[in-house]
Amino acid sequence: MYEVPADGNLTDIVRRNAAQHPDVAVIGRKIGGTWQDVTSVQFLAEVRAAAKGLIASGVQPGDRVGLMSRTRYEWTLLDFAIWSAGAITVPVYETSSAEQIQWILGDSGAVAILVESDAHAAAVASVRGTVTLPDGVLAKGRALVEEHEGGAVPAPRREHGETVDVTGLDWPAGVPDGGRHGFTPAHRAALDAALPALAARIAPHLTGRTLVLGNEELMYAPLRLATTLEESGADVAYSTTTRSPVLAVDDPGYAIRTRLVFPAHDDPADGPGDRYAYNVAGGGFDTVVVVVDSAGDTPALRAPGGLLDRVAAHTARVVVVVLPSYVPACASVPERPAMPLPEPLRGPAFSSYAPDEVGWLLQDLSDVSLEAPTEEREEAIQSGGAHYAESLPVEYQPSERYQELFHAALDTSAQRIARAVGVVTETVLAERPGRSPVLVSLARAGTPVGVLMRRWAQHRHGVALPHYAVSIVRGRGIDATALRWLAAHHDPADVVFVDGWTGKGAITRELTAAVREFEESGGAVGFDPEIAVLADPGSCVRTYGTREDFLIPSACLNSTVSGLISRTVLRADLVGPDDFHGAKFYRELADADVSGTFVDTVAGRFDDVADAVDLAVKELLGSDREPTWEGWAAVERISEEYGIHDVNLVKPGVGETTRVLLRRVPWKILARAGAGADLDHVRLLAEQRGVPVEIVDELPYSCVGLIHPRFTRGATGADGRAVTAP
């Protein structure tokens, strides 16, 4: 047994290796595409150099230091360097959002953070200025305002002071009225030469103590006038008006003792509002020189309650000086062209579907390593360390027995699916008479359904409906670049969003909010956020093929039934503001691909269900199809009954339960009593993952998947023990 010395440290192994095995390679790093060995002596030297840099930057023993990076050589190096400096490493996932970074650094008390990329630095910078207010400070502030508001304005003079306009200033041509427009040495020289004459025009109107009052950002020219008048012997002070409200308190030790309030008079770009002049009233000024530019010399300036009226109530004379507004001469600069929108990806270059079946409004991330073990992803997602759309689960490779279940389920349910496809497609067409709908499936579960709806319209009506696939991410919204592309090529009113099925309706709500946000941010209007689905067991939409909760075989598999396309990815370092969201094309899984088999089998039953579809659509269009959201209510009840207290961990319906077993860390499966062959694949997956199936008498869905609510890595069963994944 090895005994750790009382004064031992993890960094001892670096020093010991360098002393005992100086020339032995301890680690490899890739430089310029070539792997190079790093010896123990070289590694120790780099660790010490980095540690010295941390200490020189102010890191003290016991400090927490954040480290935000992918797993790479520099992570190990800096981890040892932080320890060598006597500090403690605080790991931050490289995919963490700004909110997550803020919580991790704040909770740990980190004094610094080392980051891998500019994107990481920007995310950290966006939260570093956070201020936490003490409890009750806002209430105390409101009470202070109520106590002093309105009590810091001296009584006005018995008579208003006179107003005098100074004309004929002869402002030097071409000189800006302030540094806000850019001020060159030539401008300064011209103003210096003109100031004595300008001051001479104003001086005869001054009596006693004088205040020169600028107008918000018009500060430089009034200040120069004030200093020139002072140099000529006048008793002059300087101030400016502002749009910033400050509480005035008439206390000798307080800087702002009085406040005059008046309306804006210069037609500001942000609209009308109050403006303020501080310490003018009660300042003992005999003359106030109000300096404005010609854009601010408006009727509002001179109206009752305006700036001149407010000032005249507290001084014997108001002298008005109007400077010519400066309009800079702008060189002709060509307008920056808008970034061209990317074009859709199509098979066979991207996906195994034929090119006319679907255009993917996505970018190809096939060459990027995005997969992570299911348990690691679950831990990161539930701990707040990452969003589920920032990585991909390892693609499930079905066993021979599971593949047999898929084909058996497809043979059994193909006619029922064909009927639902026909009903939802005919409903979409009937709701848009005389128009050609544009099918936009929500990748990827909606895409096989979109392909089938397009085939139905072609088969029954000879209509080739456009079909695209877009990304929508829970908590992040729909791909705005994809919406812009659609609006540029089609009438938004023709777009019909398509998905496979509804669970509790989370994506329905997400799409509604995302379309509203897109329009409010200046995007094209007219997109209808209503979703057309094959199955709506949760009663969340108006346009559906059925409200039964049954097995749709495309839910049994992942990419191999969806054109070999992964789930969509949204990560800041991969997706820019003008990019589509990303996804991967798993070309290497072509031998296991059943995407064509699925749609061909279902489409082969279209003629068999044509009459039944016509009757069902006629009945459906005459019925009340308003959503009841009973699925959402059931999910909330289950969440509380099972002590989960998070509806996002409750996945209702056959399709969603299958996803839980394939992609997440399941806790238990609830199955409705009497559910038959529709759940055979669910029972098999649950058996393979060691997850209990609980029979429930009263369940509005065929089954419900519960994600492990208190996950630790490896926990998959109800007791949290680790089991072997399929």
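About the cut-offs
Residues numbered from 1 in each chain as written. Predicted model: local features only at pLDDT ≥ 70, side-chain atom pairs only at ≥ 80, totals over all residues. Heavy atoms only, no water. Helix = DSSP H or I, 4+ residues; strand = E, 2+ residues; numbered from the N terminus. Polar contact = N/O pair within 3.5 Å; in protein donor to acceptor, adjacent residues only side chain to side chain. Contact = heavy atoms within 4.5 Å. Buried < 20%, exposed > 50% of the residue type's maximum accessible area, 1.4 Å probe, protein only. Disulfide = S-S within 2.5 Å. Salt bridge = Lys/Arg side-chain N within 4 Å of Asp/Glu carboxyl O. Pairing = 2+ DSSP bridges.

(A) Inspection of the side chain of glutamate 357 at higher detail. Checked against the element boundaries, glutamate 357 lands in the loop between strand E12 (317-323) and strand E13 (359-360). A distance of 2.7 Å separates the side chain of glutamate 357 from the side chain of arginine 455, its partner in a polar contact. Excluding its chain neighbours within four sequence positions, the residues that come into contact with glutamate 357 are Val451, Arg454, Arg455 and His467.

(B) Highlighting the environment of glycine 168. Take glycine 168: it is sitting in the loop between strand E6 (162-166) and helix H7 (185-202). Taking the relative accessible area as the measure of exposure, glycine 168 reaches 55% and is therefore exposed. Counting along the chain gives 153 residues from glycine 168 to valine 321, while the straight-line C-alpha distance between them is 9.9 Å.

(C) Broad picture of the state of the cysteines. With the rule as written, the count across this model stands at zero disulfides. Left without a disulfide partner, cysteine 540 is nearest to the cysteine sulfur of cysteine 703, which lies 16 Å away. On the accessibility criterion, cysteine 540 (3% relative accessible area) is buried. According to the relative accessible area criterion, cysteine 703 is buried, its value standing at 0%.

(D) Just the pattern of salt bridges, in detail. Throughout the structure, instances matching the rule amount to 30 salt bridges. Residues glutamate 626 and arginine 542 are paired through a salt bridge, measuring 3.1 Å at the closest nitrogen-oxygen approach. In this pair, glutamate 626 sits in the loop between helix H17 (606-621) and helix H18 (630-641) while arginine 542 sits in the loop between strand E22 (531-535) and strand E23 (543-546), placing the two residues 84 residues apart along the sequence. Owing to a relative accessible area of 45%, glutamate 626 belongs among the partly exposed residues under this scheme. Overall, arginine 542 belongs to the partly exposed group, its relative accessible area being 28%. The shortest N-O distance in the salt bridge between arginine 683 and aspartate 680 comes to 3.0 Å.

(E) Examining the pairing of E22 more closely. For E22, a buried count of five out of five residues is recorded, marking the element as mostly surrounded by other parts of the structure. The sheet contact formed by strand E21 (residues 495-501) and E22 spans four bridges and is parallel. From the neighbouring strand, phenylalanine 497 faces E22, where its bridge partner is isoleucine 531.

Spatial relationships are all this shows, so hold off on functional conclusions.
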